[in-house]
Amino acid sequence: MGSNLRTSASIRGHYCLRDPMNASSAMLSLAARLALRAAGDVEPNPMVGAVLVRDGVVLGMGHHRRFGGLHAEREALADCRRRGNDPRGAIAFVTLEPCCHHGKQPPCTDALIEAGVVRVVYARPDPHAVSAGGAGVLERAGIACELCGDSPLATRLSDPFVKRVTTGLPWVIAKWAQTADGRLITRPGEARWISNELSLGRVHRLRARVDAIVTGIGTVAADDPLLTARGVRRVRRVAERVVLTGGRGLPAGCKLARGEGAGEVLVLPGFAGRADLGAALRLLAAERGATNVLLECGPTLLAAFAAGGFIDEAFVYAAPGPDGAPTGADCLGACCVWLAGLTLVRSKPLGRDTEHWFRRNGLAG
Ligand SMILES: NC(=O)c1ccc[n+]([C@@H]2O[C@H](COP(=O)([O-])OP(=O)(O)OC[C@H]3O[C@@H](n4cnc5c(N)ncnc54)[C@H](OP(=O)(O)O)[C@@H]3O)[C@@H](O)[C@H]2O)c1
């Protein structure tokens, strides 16, 4: 709460810039940053954040914190009242169109109408057949609604949810480590890990928020991985561990075959040496409720996923060159073909490694 109040004080100055476009962008970005705190806690629901503003002052803010919990709009209204503010006459900035259906929670539209909010600015229409149409309900109640694309962060926040709902496919995050000369596989006898401890820590944090971790039988045979989130402060969800094979089963005695570590193990065998990747992803979304899938496989399967256009986001951990110089995103070599259609969002030093983060549709702007 303390940090929320500090944020509102700094935002107040920003919002008073007498530039409504800039204000919408700033408020929606703030709402998106709040929503991101619950990554891994709310799925298969969308991450959603909301900020209530009147006369350039932030009255309250909130986000959807956990699956089944209060929606962002009700969290923001509760925060507003806790601070002694009356939401009447406020503008609500919300990352996703407010819902208008009774699910685990009552409709957000009811809460906004009852609170006397006068305008709702939202970053993305709700594509879900059950909950969509909130803007129409609000407008019929006399509340002006505006779809606003000024904050790329707020717009892109709902990408995984929107993708699953509209295509039946989960959001696919590929992760790999590579040497400065572009190899994913070190020579026999060399150290097994390409990336350093800091990079490995980032991977474990990713594992701790996704629904499934997908690998290939080649990686299981070579590395005998456990594919669990370790050394993480809070495991937000225990991912299902999925192995794609061309037809053969798991090597006898490997950790996954022995059921070591937390998380169910699912082996999806293919025919004639190839699993149907689209079918595997659709199964994960439809039958296992997966919104986010982490791909941690070798180059064979990575190339196949990329060729199918299934990769939405990628974290590449690039080891430094022999002189210790960082490997830039423009020096990823042959692996770049797996990133076609993705945009570099950020390159971040992790000790002597560099994490390059790529994403479909980027986040720039
Ligand atoms: N640097 C990194 O980040 C990283 C990450 C993971 C692994 N690795 C390394 O990668 C090496 C293993 O590489 P890999 O390429 O053999 O392993 P892989 O990509 O994990 O697995 C490849 C296997 O997946 C199966 N498969 C099922 N459906 C497929 C499809 N549609 N298309 C292609 N393959 C399909 C095939 O098994 P069948 O043979 O049964 O047909 C294929 O041989 C290991 O040395 C490991 O250490 C590196």
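Predicted, not measured: the structure shown is a model, and the values here were computed from it.

Cut-offs and rules
- Residues numbered from 1 in each chain as written.
- Predicted model: local features only at pLDDT ≥ 70, side-chain atom pairs only at ≥ 80, totals over all residues.
- Heavy atoms only, no water.
- Domains from an automatic or database assignment.
- Contact = heavy atoms within 4.5 Å.
- Buried area = accessible area lost by both parts, 1.4 Å probe.
- Salt bridge = Lys/Arg side-chain N within 4 Å of Asp/Glu carboxyl O.
- Polar contact = N/O pair within 3.5 Å; in protein donor to acceptor, adjacent residues only side chain to side chain.
- Helix = DSSP H or I, 4+ residues; strand = E, 2+ residues; numbered from the N terminus.
- Nonpolar A, V, L, I, M, F, W, Y, C, P; charged D, E, K, R; others polar.
- Near = heavy atom within 4 Å.
- Areas by Shrake-Rupley, 256 points an atom, 1.4 Å probe, with all protein chains shown as cover.
- Pairing = 2+ DSSP bridges.
- Axes fitted to C-alpha atoms, helices over the stretch in contact; angles between N-to-C directions.
- Parallel < 35°, antiparallel > 145°, perpendicular 65-115°, else oblique.
- Expected span 1.5 Å × (residues − 1).
- Buried < 20%, exposed > 50% of the residue type's maximum accessible area, 1.4 Å probe, protein only.
- Lys, Arg positive; Asp, Glu negative; His and termini not counted.
- Phe/Tyr/Trp six-rings, centres within 6.5 Å; stacked < 30°, edge-to-face > 60°.
- Core = buried A, V, L, I, M, F, W, Y, C linked by side-chain atoms within 4.5 Å.

Student: Explain the domain arrangement of the protein to me, and be specific about the residues and the numbers.
Tutor: Its domain assignment divides the protein into domain 1 (2–163) and domain 2 (168–360). Counting from both sides, the interface comprises 13 residues of domain 1 and, opposite them, 16 residues of domain 2. Of the roughly 1100 Å² buried between domain 1 and domain 2, counting both surfaces, carbon and sulfur atoms make up 41%. Of all residues in domain 1, Glu43, Pro160 and Lys163 bury the most surface against domain 2, accounting for 51% of the area lost on that side. The interface formed by domain 1 and domain 2 includes five salt bridges. Its salt-bridge partner being Lys163, residue Asp312 comes within 2.7 Å of it at the nearest N-O pair. Counting across the interface, domain 1 meets domain 2 through 10 residue pairs in polar contact (both at pLDDT 80 or more). For the side of domain 1 that touches domain 2, the element with the highest residue contribution is helix α7 (residues 159–167), accounting for four residues. Along the lines of polarity and charge, the residues of the side of domain 1 that touches domain 2 split into six nonpolar, one polar and six charged.

Student: Please set out the site of the ligand residue by residue, giving values where relevant.
Tutor: Around the ligand sit 25 residues, and of these Ala177, Thr219, Arg248, Ala275 and Thr300 come closest. A distance of 3.4 Å is found between an oxygen atom of the ligand and a backbone nitrogen or oxygen belonging to Pro299. For the ligand, whose accessible area on its own is 930 Å², the fraction buried by protein is 83%. Among the elements that line the shell around the ligand, the one with the most residues is helix α9 (residues 217–223), at five residues. In the shell around the ligand, the residues fall into 14 nonpolar, eight polar and three charged.

Student: Give me the pattern of salt bridges: which residues, what numbers.
Tutor: This model, assessed by the stated rule, comprises 21 salt bridges. Through salt bridges with shared partners, a single ionic network connects Arg124, Arg156, Asp159 and Arg359.

Student: Give me the lowdown on the sheet that holds strand β6 (residues 171–178), citing residues and values where you can.
Tutor: The strand order across the open sheet formed by eight strands is β9-β8-β7-β10-β6-β11-β13-β12, and the pairing between neighbours is mixed. A single partner strand is all that each edge strand has here, and the edge strands are β9 (265–269) and β12 (342–350). The average undirected angle you get between the axes of adjacent strands in this sheet is 20°. In the sheet, strand β7 (residues 212–216) pairs with strand β8 (residues 240–245) via five bridges, with the strands oriented parallel. Paired with Val214 across the strands is Val242, a residue of β8. This element, α7, spans β6, β10 (292–295) and β13 (353–360) of the sheet and lies at about 125° to β6.

Student: Provide a residue-level description of the packing of helix α3 (residues 72–82) against helix α4 (residues 108–115), including the pertinent values.
Tutor: Here α3 crosses α4 at 30°, and the two axes come no closer than 9 Å. Relative to α4, the element α3 is oriented roughly parallel. In this structure, α3 uses Glu73, Arg74, Leu77 and Arg81 to contact α4, whose residues at the interface are Cys108, Asp110, Ala111, Leu112 and Ala115. Of the residues contributing to the contact of α3 with α4, the split by class is five nonpolar, no polar and four charged.

Student: Please give an account of helix α10 (residues 277–288) that cites residues and values.
Tutor: For α10, which comprises 12 residues, the first-to-last C-alpha distance of 15 Å matches the rise-based estimate of 16 Å (1.5 Å per residue) to within 8%. All buried positions along α10 are accounted for by Leu277, Gly278, Ala280, Leu281, Leu284 and Ala285.

Student: Go over the side chain of Arg164, please, and point to the residues and values.
Tutor: Structurally, Arg164 is set in helix α7. Within the buried core, Arg164 has no salt-bridge partner, and the shortest N-O distance to an opposite charge, that of Asp211, equals 6.9 Å. Sequence-distant contacts of Arg164, defined by excluding residues within four places in its chain, comprise Pro44, Leu169, Ala285, Ala290 and Thr291.

Student: Please set out the side chain of Lys175 residue by residue, giving values where relevant.
Tutor: In this structure, Lys175 sits in strand β6. Its relative accessible area of 17% is what places Lys175 among the buried residues. There is a polar contact of 3.3 Å between the side chain of Lys175 and the side chain of Glu296. Sequence-distant contacts of Lys175, defined by excluding residues within four places in its chain, comprise Val203, Leu294, Leu295, Glu296, Phe315 and Tyr317.

Student: Quick rundown of α3? Include the residues and the values.
Tutor: Along an α-helix, a turn takes 3.6 residues, which lines up residues three or four apart on a common side. Counting buried residues in α3 gives eight out of 11 residues, a clear majority hidden from the surface. Turning to α3, its buried residues number three or more, namely Ala72, Glu73, Arg74, Glu75, Ala76, Leu77, Asp79 and Cys80. Looking at the buried positions of α3, the neighbouring elements they touch are β1 (49–54), β2 (57–63), β3 (91–94) and α4. Backbone geometry just downstream of α3 places Gly84 in the positive-phi region, at approximately 85°.

Student: Got a sec to walk through the packing of aromatic side chains? Specific residues and values, please.
Tutor: Under the counting rule described, the total for this entry stands at three aromatic pairs. With 5.1 Å between their ring centres and 85° between their planes, Trp176 and Trp338 make a pair best called edge-to-face. With Trp176 in strand β6 and Trp338 in the loop between β11 (313–318) and β12, this pair connects stretches of sequence that are 162 residues apart.

Student: Could you give an account of the nonpolar core, with specific residues and numbers?
Tutor: One finds Trp176, Leu244, Leu295, Leu302 and Phe305 to be the most contacted residues of the largest nonpolar core, which totals 36 residues. At the level of secondary structure, the elements contributing two or more residues to this core comprise β6, β7, β8, β9, α10, β10, α11 (299–307) and β11. Contact partners of Phe305, with chain neighbours within four places excluded, come to Val214, Leu244, Leu277, Leu281, Leu295, Phe310 and Ile311. One finds Val48, Ala111, Ala115 and Cys145 within the second-largest nonpolar core, a separate group that totals 24 residues.

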